[in-house]
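Examination of the molecular architecture
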Amino acid sequence: MTPFPPPLLSLRSARKSFGPVEVLHGVDFDVLPGEVHVLAGENGAGKSTLVNILSGVHTDFSGTLSLRGEPRSFSGPADAAHAGISTIHQELSLVPSLTVADNLFLGRERVDRWGRVDFRSQEAEAARLLGEVGLHVSPRHVVAELPVSMQQMLEIVRALARDAAVLILDEPTSALSEREAETLFARLSVLRTRGCGIVYITHRMDEIYRLADHITVLRDGSRVRTDEARALPPEQLVTSMVGRDLATAGPVGSGPGTEEALQVTGLSVRDTRIDGRALVDDVSFTLHRGEILGLAGLQGSGASQVLHALFGDAAGPASGTFALGGAAYAPRGPADALRRGVALLTSDRKSKGLAPEQSILHSVSLSALAAFSGPGGWIRREAERAAVGAVVERLRLGAPSLDEPVRTLSGGNQQKAYLARCMLTAPRVLLLDEPTRGIDVGAKADLYALLRELAAQGIAILLITSELDELPLLAHRILVMHRGRVAAEFAGKDATKEGILAPAMGHGIGRMEDPE
Amino acid sequence: MNRGVSSRLRRFLATPFARALLALLLMVGLGIAFNADGAFFRWSVHRDMLRQVSVYGILACGMTVVIVSAGIDLSVSSVLALSAVTFATLTLPMGWGATTAILAVLAAGAALGSLSGFLVARMRIQPFIVTLAMMVFARGLAKVVSGGKKVTNYVLAPDGSSQVVDLPRVFELIDSRVLGGNLSIVTVVFLACVALTWVVLERLRVGRHIYAVGGNAEAARLSGVPVGRTLVAAYALSGLFAAVAGICQAAQETQGDPETGMGYELDAIAMVVIGGTPLTGGKGSVTLTLVGVLTIGYLQKILSLNAAPEATRLMLTGVIIVCAVLFQRGRK
């Protein structure tokens, strides 16, 4: 055994429950000084819960947390940060309208006894800190004008300014370009030599093997293994993340037809925020009537952008051509796409789907109002209520009354109401972005059955889900996306979670394809 | 059976409409308690109250539509003044017929509203700022149209001599009463505006779109709602009602005063809010606003019947606004 230094941060048999459900089952986790410790696992494996315990967000867990050998219990994130554990979440927590120095000293301003801020000393100290990590930016620069990568580095500098002993980074490269990511990695290795312990969460295989000293794999709330990175080859890592293969039942009902519903040729979407990065890079595929085509991909894979582009709502300048049932299709916007028979269910039901105060009736009929209104836009209310009633029944949405506001529905039923809105437009192509997100297990099973039924009725479905278990159960075919490209294709019945996960993390397709 | 009725009653009492109605009943109760030697029991008092709130109420109808769309329209008072002076100028010195003058003024009001809507929807400027700018602009335009003076039936002839022309019948007509002198025409106009707003919001597609945009604009856009057109329609309606109010105001004052209606936008907003339509959008209705208009109307009337000084009236109105909103939010 290698003689390791004593751990900087140590978590012993940590358990955490939400209500009656235990989500973390006695996990041990150590962070050594001067190491990058990668935390790996599928979505829902317990990574966020673990990070939230370390960073003081969850205070009600059982188990012990010690920092430099001393048991600690934090009252909240600020307390943890004060003790030397800094977390950098995917969403940045800087105040965009303030300057670099103001942000670095936010909440711990240097003030005299009259409460006046000593800006000069703050700026001098900020300049020193920035110089230390080699970040060339003026302390007086307004944060909003800086590129995202620089902002991310600022967060790190802020953590260092608080003398962080442990730095937790949650998918820090998801908003970074390749070059910016390189800068980040260089800074991290500087921190490492200074004895800082770094916890790093990522879905990208190349980053794991580039940075990690140790890898801890979580699965279903338990620690599967902790190994030195060089002792854990990628194939084994993936197997550990997935566990045993689940029995895969292919989609029931007749297979997909051969009639073409949607053809996508050479779709690319450029990112206007980060120069030179493509959100979607030359994607082509065909979707048939009655087919469920799964688009698998981890965060930032571009799968969601494909759906939005098909709905006339591309995130950036798009190129490529679509054909809908053989006819050219170039949607000018959501309204146009809906008219042509393409409906989108976004991944964010709350902010992009439903208005909580609207009644179920009005929420469901919204996209199809033209079908229920006569001259002058007078709504034929009986026809509207009948149609909404029918689709609600077809989707088995349990609601006491159609006139109740949607906020009174459970998550699963809200999702059904949202799906009902799409269905009422009589779509030929249904684009579903994470339809099972945030709904419980029973509602999920219900939704699976529904999607199969809809496909059996001839609707072509393009489905994104990050819950990889779902795909072999639902999809006839699966396209795996990584960094905007199609990295692999499977027939649904042949797919395994490992098979999907490896290319989704960029393993086996390599960086050599990237033109750099 | 009995339980069914009581639970339905309880459900009804939890609705915003029931709460607004309760506040109004409370106000009427106060009127009965402080009836100023029985003055409160005379219909003429109620008729006058209705007449006095009608112009505000007409503005509040348009304001309701805009607030449901999650916006605000500060320009209604200035558009009212502009409409009043335009109407007076067209009918008095220029001698237009009443119908053409009314149509022209209504069209102008709707056009100014559409411009506000366009700036909000297409230029993506905050409604507060757009309509603040429109408020200042329309007031200025009103002064241009009127030459900075009140437009009366005392007109200047081309040769420089001045003469008094007859007030066109339309002025008198609008300021008269129907139903045996028991209801003012302006009140009838106000109620017609309420009805029109109700139809737009509750029965027409554009109304649904206004609620959808106010509730969640991004979701509405992704559901195929023409967000821009919907917002333009909402502000256009508000401009149209401001023009209606302006014509009524001119008729009641028998002149076009470029300074008229100062601060009315705030009264209109207060009436909408007291009714229970939240400023956050996506919720509320014009029936709530009708109740809000009556609540404020009675408050003012009761205070004036009991000879409360203006200072007291203003302070009490402020207190009532806060209480009404707290009451509306109530036990959630």
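Residues numbered from 1 in each chain as written. Chains lettered and ligands numbered in written order. Predicted model: local features only at pLDDT ≥ 70, side-chain atom pairs only at ≥ 80, totals over all residues.

1. A look at the overall build of chain A
Applied cut-off: In this description a helix means any DSSP run of H or I spanning at least four residues, a strand means any run of E spanning at least two, and both kinds are numbered starting from the N terminus. As a reference, a globule follows 2.2 Å times the number of residues to the power 0.38, and the radius of gyration itself is taken over C-alpha atoms. Here the C-beta atoms are placed from the backbone, and a residue counts as buried if at least 20 other C-beta atoms lie within 10 Å of its own, exposed if 12 or fewer do, and partly exposed otherwise. For the purpose of contact definition, each residue receives a C-beta atom placed from its backbone, and two residues are in contact when these atoms lie within 7 Å.
What chain A contains, in helices and strands, is 17 helices and 20 strands. On C-alpha atoms alone, chain A measures out to a radius of gyration of 25 Å, which is about the 24 Å that the 2.2 N^0.38 rule sets for 516 residues. The buried share among the 516 residues of chain A stands at 46%. Of the contacts made within chain A by residues no fewer than 6 positions apart, 69% connect residues no fewer than 24 positions apart.

2. Section: the overall build of chain B
Secondary structure summary: chain B contains 14 helices and four strands in total. Compactness check: chain B gives a C-alpha radius of gyration of 21 Å against a globular reference of 20 Å for 332 residues, within 12% of the reference. When its C-alpha atoms are laid out on the principal axes, chain B stretches across 80 × 60 × 35 Å. For chain B, the residues scored as buried account for 51% of the 332 residues in total.

3. As for the interface of chain A and chain B
Worth spelling out the cut-off: Under the scheme applied, nonpolar residues are Ala, Val, Leu, Ile, Met, Phe, Trp, Tyr, Cys and Pro; charged residues are Asp, Glu, Lys and Arg; polar residues are all the others, including Gly.
The interface is formed by 23 residues belonging to chain A together with 19 residues belonging to chain B. Among the elements of the structure, α10 (334–339) and α11 (349–352) of chain A are those that each provide at least two residues to the side of chain A that touches chain B. Of the residues forming the side of chain A that touches chain B, the biggest block, three residues, is contributed by α10 of chain A. A breakdown of the residues in the side of chain A that touches chain B according to their chemical character gives 10 nonpolar, nine polar and four charged.

4. Describing the environment of L115 of chain B
Residues and elements named next belong to chain B. Structurally, the position occupied by L115 is in helix α5 (residues 98–121). For L115, a count of 18 C-beta atoms within 10 Å puts it in the partly exposed group. Note: C-alpha distance between L115 and M134 (19 residues apart in sequence) is 8.9 Å.

5. A look at helix α4 (residues 76–91) of chain B
Test applied: Take the number of residues in a helix, subtract one, and multiply by 1.5 Å to get its expected span.
Along its 16 residues, α4 of chain B runs 22 Å from first to last C-alpha, staying within 8% of the 22 Å computed at 1.5 Å per residue. Of all 16 residues making up α4 of chain B, 16 are buried, and the element is well covered by its neighbours.

6. Brief notes about the sheet that holds strand β7 (residues 166–170) of chain A
Residues and elements named next belong to chain A. Here is the rule: Two strands qualify as a pair provided that DSSP identifies no fewer than 2 bridges between them. Only the contacting stretch of a helix is used when fitting its axis, a line to C-alpha atoms as for every element, and angles between N-to-C directions run 0 to 180 degrees.
Spatially, β6-β7-β8-β3-β9-β10 is the arrangement adopted by the six strands of the open sheet, whose pairing is mixed. Two strands close off the open sheet at either side, each with one partner strand: β6 (85–88) and β10 (222–228). Going across the sheet, the axis of each strand differs from the next one's by a mean of 20°, ignoring polarity. Pairing of β6 with β7 involves four bridges; the strand directions are parallel. Looking at the pairing, T87 lines up with I168 of β7. The sheet contacts of helix α8 (residues 234–242) involve β3 (36–40), β9 (214–219) and β10, and relative to β9 the element is tilted by about 30°.

7. A closer look at the domain arrangement of chain A
Note the following rule: Annotation comment: domain bounds sourced from an automatic or database domain assignment.
What the domain assignment reports for chain A is domain 1 (7–83 + 192–243), domain 2 (85–164), domain 3 (257–341 + 427–439 + 459–516) and domain 4 (348–426). In this structure, domain 1 of chain A and domain 4 of chain A have C-alpha centres spaced 43 Å apart.

8. Notes on unusual backbone geometry
Residue and element names in this part refer to chain A. Residue D282 is not a glycine yet carries a positive backbone phi of 55°. For D282, the position within the fold is in strand β12 (residues 278–288). Accessibility expressed as a C-beta count within 10 Å gives 14 for D282, which makes it partly exposed. One non-glycine residue, A426, lies in the positive phi region at around 50°. Topologically, A426 is positioned in the loop between α14 (411–424) and β17 (429–433). Assessed through the 13 C-beta atoms surrounding it within 10 Å, A426 is described here as partly exposed.

9. Focus on the packing of helix α2 (residues 16–33) of chain B against helix α14 (residues 310–329) of chain B
The axes of two packed helices give the description: the angle between them and the distance between them. Residues and elements named next belong to chain B. Condition: Here a crossing is called left-handed whenever its near helix is offset anticlockwise from the far helix by less than a right angle, and right-handed whenever the offset is clockwise.
Close contact between α2 and α14 brings their axes to 9 Å; oriented N to C, the two are set at 145°. You can see that α2 and α14 cross each other, and the crossing is right-handed. Counted together, P16, R19 and A23 of α2 and A324, F327 and Q328 of α14 form the full contact between these two elements. Among the residues making up the contact of α2 with α14, the classes are represented as four nonpolar, one polar and one charged.

10. Looking at the pairing of strand β13 (residues 292–296) of chain A
Residue and element names in this part refer to chain A. Most of β13 sits inside the fold, with five of its five residues counted as buried. With burial as the criterion, each face of β13 is covered, one bearing I292, G294 and A296 and the other bearing L293 and L295. Here β13 runs beside strand β18 (residues 460–465); their pairing, made up of five bridges, is parallel. By the bridge assignment, I292 is partnered in β18 with I461. The pairing of β13 with strand β19 (residues 477–482) spans four bridges and is parallel. The residue bridging L293 from the neighbouring strand is R477, located in β19.

11. Some remarks on the packing of α2 of chain B against helix α13 (residues 286–305) of chain B
Residues and elements named next belong to chain B. To keep it simple, the criterion reads: By definition in this entry, angles of less than 35 degrees are roughly parallel, angles greater than 145 are roughly antiparallel, angles of 65 to 115 are roughly perpendicular, and the rest are oblique.
Two elements in contact, α2 and α13, have axes whose closest approach is 9 Å; the angle formed by their N-to-C orientations is 15°. Classified by the angle their axes make, α2 and α13 are roughly parallel. Helix-helix and strand crossings are classified by hand; for α2 and α13 the assignment is left-handed. Touching P16, F17, A20, L21, A23, L24, M27, V28, L30 and G31 of α2 are T287, L288, V291, G292, L294, T295, Y298, L299 and I302, all from α13. The residue inventory of the contact of α2 with α13, partitioned by class, reads 15 nonpolar, four polar and no charged.

12. Overview of the pairing of strand β1 (residues 9–18) of chain A
All names here are of chain A. In this sheet, strand β2 (residues 21–31) lies alongside β1 in antiparallel orientation, the contact comprising eight bridges. Within β2, the residue paired with L11 across the bridge is F29. Relative to strand β4 (residues 62–67), β1 is paired through five bridges, and the arrangement is antiparallel. Across the sheet, residue R12 finds its bridge partner in β4, namely T64.

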